[in-house]
Amino acid sequence: MKRTTRGRKTTNSDSGKNVDIKIKHWKLRLAFVILFAIIGISALANGVVGILSSDDGWQEIEADSSSTGNNGSEFIFEYYLGASGLSVSAEKKALISLYTSALETAYQNFHNEESFDGVNNICYINAHPNEEIAVDDILYDAFALMEESGGRQLYLGPIYTEYNNLFYCNDDWETAEYDPYQNEEVAEYFAEILSYASSDEQIELRLLGDHTIMLYVSDEYMAYAEETGFLSYIDFFWMKNAFIIDYLADTLIANGYTLGAISSYDGFVRNLDTSGTEWTFNIYNHVGQTVYQAASMQYEGARSIIFLRDYMMNSSFDVQHYYELEDGEFRTAYIDTADGYCKSSIDSLVSYSEDLGCAEILLRMIPIYIADEFDADALEELGEDGIYSVYCKEQVIYCNDLDASITDLYDEDDVTYVLN
């Protein structure tokens, strides 16, 4: 397939429901709003007709509607049908089956509140501390990446539970019960949790080989958990979709499907396409109550992208990980393992790699993004490892990838973005 056959596509999946998004061309903005109203979240691809038709070309692949156990609504999977030699209907049917199965596996394994027959998932592991447990590849590999990163986010389960309660509050006065910024008792409780969660001597997910793990929990910490009443020692929480999207992508690649891209509502993208199609990823900047589409990044080839942001863009899904206070401040799921407070060193950060998956990029970015101060030098160092980033500060767009193509800079209403 030639590049001109498919044209330019975009891989962002966020929609502006809670904030005013300023896009350079108002007609394009209107088209986005209409598209979001129809399908909720979108990879923002050109050719909506192709998504809805049975012809060859770009189509959205959705999970089988008869499947009840998956979080497919949080992802958009687009694929170019008709290039395999199979009939479009046969290829689409096979893709739906494979995609649905992978979604179900991921959903069941990462679930932290529900058990499933024959699946030793996060919920099961939390209920069986200090036992040797055989787990599926998807979880074992995720635990291995967490261990390699050296981070302790996995052990924030009890704190994540409180933030989850905060995000589903209806009014600001309710949030004080869960927010350490407003409530000293909550901050003290988080400090108690972290005195355990930060120590390998108190809790440690141990990899025993042969897909067997053990969640070691000290007698002291178990007694505290029983006294306090929390159920989750470990949880991937907001990081979960980074691991899931990698699993989905790797499953598709292993089965020979590489003419597509998957994006999640919370900013994770796995583009599998190596055909020469030109893709676009939009760069956003949050200023006050306005989100500007500051620029666009064009690229070709397979790529993993993560988009971290401290503001809401999708009202249907962002309530899982965000709460907006009446004064315009946001509480987010980006929790600092040092004190349990949510933090973002910069309003938004796009990071990508041609070689690493989303989870690997994310784990490298967490110490930079979840911090009191933004460390641009640390981003430069990651560029030496092939992890590149784009961000905005005071209407200047920075990128440490010398080969990056940043275009369509916003310039309207006395607001102008420039490249560094």
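What you see is a predicted model; the values in this text were computed from it and never measured.

Cut-offs applied
Residues numbered from 1 in each chain as written. Predicted model: local features only at pLDDT ≥ 70, side-chain atom pairs only at ≥ 80, totals over all residues. Heavy atoms only, no water. Buried < 20%, exposed > 50% of the residue type's maximum accessible area, 1.4 Å probe, protein only. Axes fitted to C-alpha atoms, helices over the stretch in contact; angles between N-to-C directions. Helix = DSSP H or I, 4+ residues; strand = E, 2+ residues; numbered from the N terminus. Left-handed = near helix turned anticlockwise from the far one by under 90°. Contact = heavy atoms within 4.5 Å. Nonpolar A, V, L, I, M, F, W, Y, C, P; charged D, E, K, R; others polar. Pairing = 2+ DSSP bridges. Core = buried A, V, L, I, M, F, W, Y, C linked by side-chain atoms within 4.5 Å. Salt bridge = Lys/Arg side-chain N within 4 Å of Asp/Glu carboxyl O.

A. View of unusual backbone geometry. Although it is not a glycine, glutamate 394 adopts a positive phi angle of roughly 50 degrees. Given a relative accessible area of 78%, glutamate 394 falls into the exposed group.

B. Highlighting the packing of helix α4 (residues 88-110) against helix α11 (residues 240-254). Relative to each other, α4 and α11 sit at 150 degrees, their axes nearing to 10 Å. As α4 runs across α11, the sense of the crossing is right-handed. Where α4 approaches α11, its residues Leu95, Leu98, Tyr99, Ala102, Leu103, Thr105, Ala106 and Phe110 are matched on the opposing element by Lys240, Phe243, Ile244, Tyr247, Leu248, Thr251 and Leu252. Of the residues that constitute the contact of α4 with α11, the class distribution is twelve nonpolar, two polar and one charged.

C. Representation of the sheet that holds strand β9 (residues 268-271). The nine strands lie next to each other as β3-β4-β8-β9-β12-β15-β16-β17-β21, forming an open sheet whose pairing is mixed. On the outer flanks of this sheet lie β3 (57-60) and β21 (418-419), each paired with one strand and no other. In this structure, strand β8 (residues 260-264) lies alongside β9, joined through three bridges in antiparallel fashion. Within β9, the residue paired with isoleucine 262 across the bridge is arginine 270. Across the face of the sheet, α4 comes into contact with β3 and β4 (75-81) while running at roughly 155 degrees to β4.

D. Representation of the nonpolar core in the model. In terms of nonpolar packing, the biggest core is built from 124 residues, with Phe143, Ile234, Phe236, Trp238 and Met365 touching the most fellow members. A per-element tally of this core places helix α12 (residues 358-369) first, with nine residues. Among all residues touching tryptophan 238, those that are not within four sequence positions of it are Tyr160, Asp266, Phe268, Leu308, His321, Ala333, Tyr334, Leu362, Ile366 and Ile370.

E. Up close: the pairing of strand β6 (residues 203-209). Strand direction decides the pairing type here: β6 and strand β7 (residues 212-217), joined by six bridges, are antiparallel. Residue pairing for β7: isoleucine 203 is matched across the bridge by valine 217. Hairpin connection of β6 to β7: two residues between the antiparallel strands, including aspartate 210 at a positive phi of 55 degrees.

F. Focus on the environment of glutamine 289. Mapped onto the elements of the fold, glutamine 289 is located in the loop between β10 (278-287) and β11 (290-300). The exposure class of glutamine 289 is partly exposed, given its relative accessible area of 45%. Spatially, the C-alpha atoms of glutamine 289 and tyrosine 311 are 9.4 Å apart, while their sequence positions differ by 22 residues.

G. Summary view of the pattern of salt bridges. Enumeration according to the criterion identifies twelve salt bridges in this entry. Salt-bridge contacts for aspartate 318 lead to arginine 309; the nearest nitrogen and oxygen are separated by 3.0 Å. Under the relative-accessibility criterion, arginine 309 is labelled buried at 1%. Ionic pairing is found between aspartate 336 and lysine 343, a salt bridge with its closest N-O pair at 2.8 Å. Note on accessibility: aspartate 336 and lysine 343 belong to one class, buried. Taken together, the salt bridges that share partners define one network made up of Asp336, Asp339, Lys343 and Asp372.

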